[in-house]
Amino acid sequence: MPCNMDLPSTPEELDLLDSASWKNVLNDVTKWHSIPLLNHTPLHQLKDQSLVRFRGMVQDMMDPEIYLERYEVKSSDGGRRQQPGKYRDCLRLGKDEQLDYQAESNVHGERRTLFVVSVPGLNGWAKEHEKLCNPLPTHQTATITIGNGIKRSLDERVEMEVDKADDETCCSSSHSVKRHCCVPPAVNKAEESNASSCPAVLGSDYLLNSPLPSRPSMACMVKVYEDFDKYTLNSLMDFVGFLSVDPALDAATLDDDALKDVDSLSELQAQNPSPFLIPRLHAFGVKPLPHANPLLDQSLKQPAELEPVTSQSLETVHKDLRMLLKLCLFEDDLCAEYLLCHLISTVYSRSEMQSIGKFTLNICNLPKDCLQQYTVKLYEILELLLPASHYLPMTLDNMNTACFAPKKDYETNKLVSGMLQLAPHTHLLLDETRMQQGKLEANGVHAIQHLANVINNQQLKCDFQYYHIDYNVDIPMLVVSEGRSMLPSDFVLPIRADVKAVELYEESLKAALHYLQPARLQQFRSYLTLARSSQFSVSEDLTEMIQLDFVDMRKANVKSSADDLHGLLVLSRLLGIARGKLALDKETWHLATEFESTRRQRLQALPKSSVPMRN
């Protein structure tokens, strides 16, 4: 709904508005679209305290912070004034002014800091589309600039003027108003060398804390002021707030006197990194993101040339996508059907015992002649279709050395991320064909356990040293292997490769890349996200038919279990959604039973040593 009010340009302007007013402003999508994205705007193009947005995943939630929401300032001539402190890191004091710590009018508030990283594993096309939707910032020159990575000297930072908008709202005296940070005072020039000698005990990689170190994310410390309980670990959010990049926020610049009473230098630097590395954002607006696909994100201003996928085109898109996947899978039509179901799967319900809707797929029996290059080239196709994904070769080195699950570091009071701390619907391709002979060390065994826990329960176990907490995740996993995988899975499917297709697989994959022209790619990307979020129902009549069918299955095969029925229901649901249906029908149910029968026949045809487990 359009709103006639303008967006607030300073925290003080926002303070004058009641909650309903500024929330009404943010409900206007054109206003939301007009705010520059910190993800794609260089810091030197933004002013300190300017209005920005940041999109990302909540990676860590820090301890509550008590701050001065409103405080009294006294001047040398005896004058006093009230100053709001909300949405700021620093106190605003003029020349010869100081904070009255004992004033009864001081109001303390509570805020929380969320450590947010840009979506881990976000693929190149999704980043480019986000950047395309990013409005240019209003101000092209910043109040605080970064020059070749060199920070301002400390005395220059203290003398830094605030912008004109701040001058008007600060105080009525004629002297210029300065901003002082709520940290120990800066040192003078004679002491500057001592301040710069404060050891930077923590590296930038540790501070940025990217779940996928090979694909580093941008980080932002987002301070929120209300509804603390609605934020959960690993959720996707789009925040609007005031940027805070005052250089004095960097704990590495403090001098020895300021550090003498600090118990842990590591914790101080971890909680107060350089704002040029990890900027702060004081949020007053937030939107949860249901997915990471920027093509279908209403919080982004979409280019006019984008064409939506209609219900009439769904059937055509489904057939084209299935044909593409078949081409990439050695002309195996059944494998293409299962892979498509995997790509649109999601956990849509949870009970105490299981996560309903997960579809971990193990494609095995890959042709030996193609193992060197095939899996990488297959992933290159998939990452063009998916907004967020990651390829993990399961080499001994990766399994024995990589960190898979988050772990609490009490020295820095920081949750150190792991490779499996990913946003919902981030697809993970596990390449077991890369595993060599050798010994799995303790870390490798734990890695297998973490992967198995995600596959079986869609939960990630976070290590807090003295205890563990399981967090719900939704990470679709595709395991490719020569024989049957050592990891559990919901569906094991031996590929039945066409002999001619094996000989021409390189040409087939090149043809697949050529087939993926921009317009067709847009259709496929939109289709996969829309299908994943589609509603689907099962009527009571069909439920009764399914129960009778299952009784007949048990009579024909005593080994059929409740897990088999659950797998059939999940498969039939995804087959129906893939074909644009809103409810399960007999045709789709019978198709699912036919596919499962064929899959089990293929499993039985594998060498006995390759089929030690169910599925």
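Every chain begins its residue count from 1, and numbering advances along the sequence as written. Totals for whole chains, interfaces and linings use all residues, but because this is a predicted model, local features are given only for residues with pLDDT of at least 70 and pairs of side-chain atoms are given and counted only at 80 or more. Calculated side-chain values reflect all of the structure's heavy atoms, with hydrogen atoms and water omitted.

You'll find the chain entered in an unreviewed UniProt entry as Mini-chromosome maintenance complex-binding protein, with Drosophila grimshawi given as the organism. Per UniProt, the chain has the following entry under Subcellular location (unreviewed entry): "Nucleus". Regarding the chain, the UniProt comment filed under Sequence similarities (unreviewed entry) reads as follows: "Belongs to the MCMBP family." UniProt positions are given in the numbering used here, feature names are shortened, and annotations may be inferred rather than shown by experiment.

**Regarding the pattern of salt bridges**
For this analysis, a salt bridge means a side-chain nitrogen from Lys or Arg found within 4 Å of a carboxyl oxygen belonging to Asp or Glu. This structure, assessed with the given rule, holds 28 salt bridges. Between Lys358 and Asp490 there is a salt bridge, and its shortest N-O distance comes to 2.6 Å. Pair noted here: Lys358 is in the loop between β12 (355-356) and β13 (361-364) and Asp490 is in the loop between β20 (477-480) and β21 (491-494), with a separation of 132 residues, a long-range link. Taken individually, Lys358 and Asp490 each receive the classification buried, so the pair is uniform in this respect. With a closest N to O distance of 3.8 Å, Glu587 and Lys581 form a salt bridge. Each of Arg53, Arg55, Glu130, Asp238 and Asp297 takes part in a single network of salt bridges with overlapping partners. Helical segments are the DSSP runs of H or I of at least four residues, strand segments are the runs of E of at least two, and each set is numbered from the N terminus. Only protein chains enter the area calculation, which uses a 1.4 Å probe; residues under 20% of their type maximum are buried, those over 50% are exposed, and those in between are partly exposed.

**Here's the deal with the sheet that holds strand β14 (residues 389-393)**
With parallel pairing, 5 strands are arranged side by side in an open sheet as β14-β17-β20-β13-β21. Every interior strand has two partners, whereas the edge strands, β14 and β21, have only one. For this sheet, the mean angle separating the axes of adjacent strands, direction not counted, is 15°. In terms of strand pairing, β13 meets β21 through 4 bridges, oriented parallel. In the sheet register, Ile363 faces β21, and the bridge partner there is Leu493. The contact criterion used is simple: two residues touch if any of their non-hydrogen atoms lie within 4.5 Å. Lines are fitted to the C-alpha atoms to define the axes, a helix being fitted only along its stretch in contact, and any angle between axes, read from their N-to-C directions, falls within 0 to 180 degrees. Relative to the sheet, helix α13 (residues 374-385) contacts β14, β17 (427-431) and β20, its axis offset from that of β14 by approximately 170°. Note on pairing: DSSP must find at least two bridges between two strands before they are called paired.

**Section: the environment of Glu506**
On the secondary structure map, Glu506 appears in helix α17 (residues 505-515). On the basis of relative accessible area, Glu506 is assigned to the partly exposed category, the value being 34%. The spatial distance from the C-alpha of Glu506 to the C-alpha of Cys328 is 9.4 Å, given a sequence separation of 178 residues.

**A few points about the packing of helix α20 (residues 562-578) against helix α21 (residues 586-605)**
Axis separation between α20 and α21 bottoms out at 9 Å; the angle between their running directions is 120°. Relative to α21, the element α20 is oriented oblique. Between α20 and α21 lies a crossing whose hand is right-handed. Across the interface between the two elements, Asp564, Leu565, Leu568, Leu569, Leu571, Ser572, Leu575 and Gly576 from α20 touch Thr588, Trp589, Leu591, Ala592, Thr593, Phe595, Glu596 and Arg600 from α21. All residues other than Ala, Val, Leu, Ile, Met, Phe, Trp, Tyr, Cys, Pro, Asp, Glu, Lys and Arg, Gly among them, are scored as polar; the first ten of these are nonpolar and the last four charged. Of the residues that constitute the contact of α20 with α21, the class distribution is 9 nonpolar, 4 polar and 3 charged. Convention used here: angles under 35 degrees read as roughly parallel, angles over 145 as roughly antiparallel, angles from 65 to 115 as roughly perpendicular, and any remaining angle as oblique. Each helix crossing is assigned a hand: it is left-handed if the near helix lies turned anticlockwise from the far helix by less than a right angle, otherwise right-handed if that turn is clockwise.

**Things to note about the packing of aromatic side chains**
Only rings of Phe, Tyr and Trp enter the pairing, Trp through its six-membered ring, and a pair is recorded when the two centres are within 6.5 Å. The plane angle decides the type: under 30 degrees is stacked, over 60 is edge-to-face, the rest tilted. Taken as a whole, this structure holds 18 aromatic pairs when the rule is applied. Consider the rings of Tyr410 and Tyr466, whose centres lie 5.6 Å apart with planes at 45°: the pair is tilted. Of this pair, Tyr410 sits in the loop between β15 (407-409) and β16 (414-416) while Tyr466 is found in the loop between β18 (459-463) and β19 (468-472), placing the two residues 56 residues apart along the sequence. With centroids separated by 6.5 Å and ring planes inclined at 40°, the aromatic side chains of Tyr515 and Phe524 adopt a geometry described as tilted. Residues Tyr515 and Phe524 agree in their burial class; the two are buried. Counting every residue linked through ring pairs, the aromatic cluster contains Trp22, Tyr67, Tyr87, Tyr225, Phe242 and Phe284. Seen from the ring of Trp125, Arg525 lies directly overhead, with NZ or CZ sitting 4.0 Å from the centre. For the cation-ring pair, Arg573 lies above Tyr348, with the distance from its terminal atom to the ring centre recorded as 3.9 Å. When the NZ atom of lysine or the CZ atom of arginine is within 6 Å of a ring's centre and also within 35 degrees of its normal, the charge is said to sit over that ring.

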